[in-house]
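What follows is each chain in one-letter form.
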Amino acid sequence: NGQLEAAVKELKTALAINPESSESYNLMGTVYIDLQRYEEAIQAFKMVIQDNSYGQPYFAYFNLGKCFHAMNRNNEAIAAYKRAAQLNNTFYRAYIALAEIYKQHGDFHNSLAYFRKAEPGFTNNAEVLFEIGHSYFKLKQYAEAQTYLAQVAILFPPPAIDRPTQDMLRYIEKVRSNKRR
């Protein structure tokens, strides 16, 4: 993309003027991710992380996690996201990113744990509530799943999650009615 390449050129100019601009390195790293130039992105984020005076290092770790995740280097992505959350425990996007990785690998225990950690930052968010309900459903914890999925149904979810929500709620009702017999 021509605009992204132009952005890289402008950022390199800015860094030539002020080579200690961690914000420029962080931004350059995100542009490199968009360009799929992952090794260059990693180097840019490492420059930010090494700057002890940078006020928001959790952003650099989060972006580093995005880079590793895009490269399918999931163990490193998990470590970077965990470090971002450790540096700022209210940076809920890091918990969402961790939950998504665990979900992709079918680890619904960890996925659930991280979606639950993200929940305070995404109150009344149908997608997050759906993911929590879905994780409980996958773990066969149907009462908890029903609680979250019912909340999703109330929030007018987008069609992509409304149908699976309704399907899971019907299934839970069927399981519960069979247990009553």
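Look a little higher up for the structure.
Now for a look at the structure at hand. (Residues numbered from 1 in each chain as written. Predicted model: local features only at pLDDT ≥ 70, side-chain atom pairs only at ≥ 80, totals over all residues. Heavy atoms only, no water.)

Digging into the overall build of the protein
The test is simple: Only runs of H or I of at least four residues qualify as helices and only runs of E of at least two qualify as strands under DSSP, and these elements are numbered from the N terminus. As a reference, a globule follows 2.2 Å times the number of residues to the power 0.38, and the radius of gyration itself is taken over C-alpha atoms. Buried residues are those whose accessible area, probed at 1.4 Å on protein chains only, stays under 20% of the maximum for their type, while exposed residues exceed 50% and partly exposed ones sit between those limits. The criterion used for residue contact is that any of the two residues' heavy atoms lie within 4.5 Å. Per-residue and other accessible areas follow the Shrake-Rupley method at a 1.4 Å probe size, with only the shown protein chains counted as cover for residues.
Within the protein, the regular secondary structure consists of ten helices and zero strands. Each helix (α) and strand (β) of the protein, taken in turn from the N terminus, gives the series α-α-α-α-α-α-α-α-α-α. Its C-alpha atoms give the protein a radius of gyration of 20 Å, more than 25% over the compact-globule value 16 Å for 181 residues. Each principal axis of the C-alpha atoms in the protein carries an extent, and together these give about 75 × 35 × 25 Å. Counting the 181 residues in the protein, one finds 44% classified as buried. If you take every contact in the protein between residues at least 6 apart in sequence, the share linking residues at least 24 apart comes to 45%. Counting only carbon and sulfur atoms, one obtains 50% of the accessible surface of the protein, whose full area is about 10200 Å².

Focus on the nonpolar core
For clarity, the cut-off: Among buried residues, the Ala, Val, Leu, Ile, Met, Phe, Trp, Tyr and Cys ones that are joined through side-chain atoms within 4.5 Å form a nonpolar core.
Judged by nonpolar contacts, the single largest core of 59 residues is most densely connected at F62, C67, Y81, A84, I132 and L149. If you tally residues by element for this core, the top one is helix α6 (residues 92–104), at eight residues. In this view, F62 contacts Y81, A84, F91, R93, A94 and A97; residues no more than four positions away in its chain are not counted.

Points about the pattern of salt bridges
Inclusion rule: For this document, the term salt bridge refers to a Lys or Arg side-chain nitrogen within 4 Å of an Asp or Glu carboxyl oxygen.
Following the criterion strictly, the structure yields nine salt bridges and no others. For R37, the salt bridge is made with E5, and the minimal N-O distance between the two is 3.2 Å. Residue R37 is located in the loop between α2 (22–34) and α3 (38–49), and its partner E5 is located in helix α1 (residues 2–17); the two are separated by 32 residues in the primary sequence. R37 gets classed as partly exposed once you look at its relative accessible area, which sits at 22%. Of the residues examined, E5 reaches a relative accessible area of 37% and is grouped as partly exposed. By sharing partners, the salt bridges in this structure join E5, R37 and E40 into a single network.

Looking at the packing of aromatic side chains
To be explicit about the condition: Pairs were defined over the aromatic rings of Phe, Tyr and Trp, the Trp ring being its six-membered one, requiring ring centres within 6.5 Å. Orientation was assigned from the angle between planes: stacked under 30 degrees, edge-to-face over 60, tilted for the rest.
Here the structure, examined in full by the defined rule, presents twelve aromatic pairs. On the numbers, 6.4 Å between centres and 20 degrees between planes, the contact of Y95 with Y114 is stacked. Here Y95 is found in helix α6, whereas its partner Y114 is found in helix α7 (residues 108–118), with 19 residues between them in sequence. Judged by relative accessible area, Y95 falls into the buried class, the value being 8%. Accessibility expressed as a relative area gives 13% for Y114, which makes it buried. Through a chain of ring-to-ring contacts, three or more aromatic side chains come together here, namely Y58, F59, F62, Y81 and F91.

Here's the deal with unusual backbone geometry
Positive phi is not limited to glycine here, since Q36 has a value of about 60 degrees. In this fold, Q36 is placed in the loop between α2 and α3. The class for Q36 is exposed, based on a relative accessible area of 58%.

Quick look at the packing of helix α9 (residues 142–154) against helix α10 (residues 159–180)
The condition that has to hold: Between N-to-C directions, angles span 0 to 180 degrees; the directions come from axes that are lines fitted to C-alpha atoms, helices contributing only their stretch in contact. A clockwise turn of the near helix away from the far one marks a right-handed crossing, whereas an anticlockwise turn of less than a right angle marks a left-handed crossing. Amino acid classes used here: Ala, Val, Leu, Ile, Met, Phe, Trp, Tyr, Cys and Pro are nonpolar; Asp, Glu, Lys and Arg are charged; the rest, including Gly, are polar.
Interhelical geometry of α9 versus α10 gives an angle of 145 degrees and a closest axis separation of 10 Å. The way α9 lies across α10 gives a crossing that is left-handed. Where α9 approaches α10, its residues Y142, A143, A145, Q146, L149, A150, V152 and A153 are matched on the opposing element by I161, T165, Q166, M168, L169, Y171, I172, E173, V175 and R176. Within the contact of α9 with α10, the residues separate by chemical class into 13 nonpolar, three polar and two charged.

Examining the environment of A44
As for its placement among the helices and strands, A44 is situated in helix α3. Residue classification places A44 among the buried positions, given a relative accessible area of 4%. The spacing of A44 and G29 is 15 residues in sequence and 5.2 Å in space, taken between C-alpha atoms.

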